[in-house]
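So the chains spell out like this:
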Amino acid sequence: MKKAVGALLVLVCLMSAPARASGSFTGYDLPASSLTSYSVTVGPDGRVRYELAGPVNIGKWGGSFQGSCGYDPKTKRASESLTDSDGNKILTTSDCDHDPWETGSLCSGWTISVKGFNADSRNWIQGLHVPISAVSLSAADQANLARAKKKAEADAARARAVHNRILQPLPTPTPKNVHLAMGPGAHVPQFPTVAPTKVVLPTPTPAPLYGAVYTGGTPATMKVGQAVTVPITVQNTSSQAWPAGGAFHLAFHWYRGGALLVRDGDRTFITTAVAPGATVNLMAKVTAPPTAGASVLQWDMVQEGVTWFSDKGVPMSAPKNVNVTP
């Protein structure tokens, strides 16, 4: 079977599964959380935009997908554009009473168009529920997106409040009539000329070439050699962007008793471009040390083949104590 058809089976089989914490579809186990990165923004008009990325795995076929999705609460319209690792695309629109990425509810009046698939695959896709990426979310993914949306709505509300305060008109002062009585020979006081004061503004300090701030990403307990996936938010505080699929990756170090135990932790790829000052939400893989004992986990960005961020003076994440059991 052609690779494009296999990729179709990978993408659609994963995405046509109902929302749940875990389960199986056509005999293959699905992970409790499939997204590796996501971001949520809310505009001044209330429109919500999702950027999603995750793996596609079923049978011997594998790859990844990226999606750009949106919901307009005024028009009740949802849309999505999904692209798999072979470049095949699925585009959908639908009518939804509520944000389907928040509620997981089905929509009506949908349209589906595909690019890069054969006729049999296109006919099969037409029978799927829409939006595909919303109805296929796991419970963990849906909870993470709901929290991210709530924060984005709060940020948008604060921005609107500041904007409205700035636009408030200043009160018009009431004019007052001043009468001066000047008689013959009156002395007119002379005021000294004040020399202008030169004000020198400080030169702003440019952002460093490397910078990152980490939030979350702490497992409570782990077993020796166990691999788990944890949610973590990373802010790009540097002056350069981190391109999607580039050399910038998230990794970690393990310490025990103040000594370095594991230096080169698992890499989590940045699948969505992160501009300076922006944040990215990741589902990061972390593997426990090979021996049991109280250990300390610290996250660190790395530019592969160039440098660890911590080697450039960028603080790692705050030390997190993890009990590693046999």
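Fair warning: this is a prediction, and the values are worked out from it, not measured in the lab.

What counts and how
- Each residue is numbered by its place in its chain's sequence as written, counting from 1.
- Thresholds applied to this predicted model are a pLDDT of at least 70 for local features of residues and 80 or more for the giving and counting of side-chain atom pairs; totals over whole chains, interfaces and linings are not thresholded and use all residues.
- Hydrogens and water are ignored here; the side-chain numbers use all heavy atoms of the structure.
- For this text, the term disulfide refers to a pair of cysteine sulfurs within 2.5 Å.
- Under the scheme used here, helices are H or I runs from DSSP no shorter than 4 residues and strands are E runs no shorter than 2 residues, and both carry numbers assigned from the N terminus.
- Burial classes: relative accessible area under 20% of the type maximum marks a residue as buried, over 50% as exposed, and values in between as partly exposed (1.4 Å probe, protein chains only).
- You can read pLDDT as the predictor saying how much it trusts each residue, on a scale of 0 to 100.
- Note on contacts: a residue pair qualifies if any of its non-hydrogen atoms lie within 4.5 Å across the two residues.
- Remark: nonpolar core denotes a set of buried residues (Ala, Val, Leu, Ile, Met, Phe, Trp, Tyr, Cys) joined through side-chain atoms within 4.5 Å.

Caption draft 1: A look at the state of the cysteines. A complete count under the given rule lists one disulfide for this structure. Each sulfur in the disulfide pair Cys96 and Cys107 lies 1.9 Å from the other. When the S-S torsion is 110 degrees, as for the bridge of Cys96 with Cys107, the disulfide is right-handed. Here the residue Cys96 occupies a position in the loop between β7 (89–95) and α2 (100–103), and Cys107 occupies one in the loop between α2 and β8 (108–115), the gap between them amounting to 11 residues. Judged on exposure class, the residue Cys96 and its partner Cys107 are both buried.

Caption draft 2: Main features of the confidence of the model for the chain. Mean pLDDT over the chain: 81, with 81% of residues reaching 70 or higher. Here residues 1–32 is modelled with pLDDT under 50, and outside its nearest four sequence neighbours on either side it reaches 81 contacts, counting other chains as well.

Caption draft 3: Examining the nonpolar core more closely. Within the largest apolar cluster, 27 residues are counted, with the highest numbers of intra-cluster contacts made by Val234, Leu250, Val286, Trp299 and Met301. Of all elements in the fold, only β9 (212–216), β11 (227–236), β12 (248–256), β15 (279–287), β16 (293–303) and β18 (320–325) reach the threshold of two or more residues within this core. Membership of the second largest hydrophobic core comes to 20 residues, among which are Leu52, Cys69, Cys96 and Ala148.

Caption draft 4: Local environment of the environment of Ser94. With respect to the secondary-structure elements, Ser94 resides in strand β7. When its relative accessible area of 0% is taken as the criterion, Ser94 is described as buried. For the pair Ser94 and Lys76, spaced 18 residues apart in the sequence, the C-alpha separation amounts to 8.5 Å. Discounting chain neighbours no more than four positions away, the residues touching Ser94 are Lys76, Arg77, Ala78, Cys107, Ser108, Gly109, Trp110, Val130 and Pro131.

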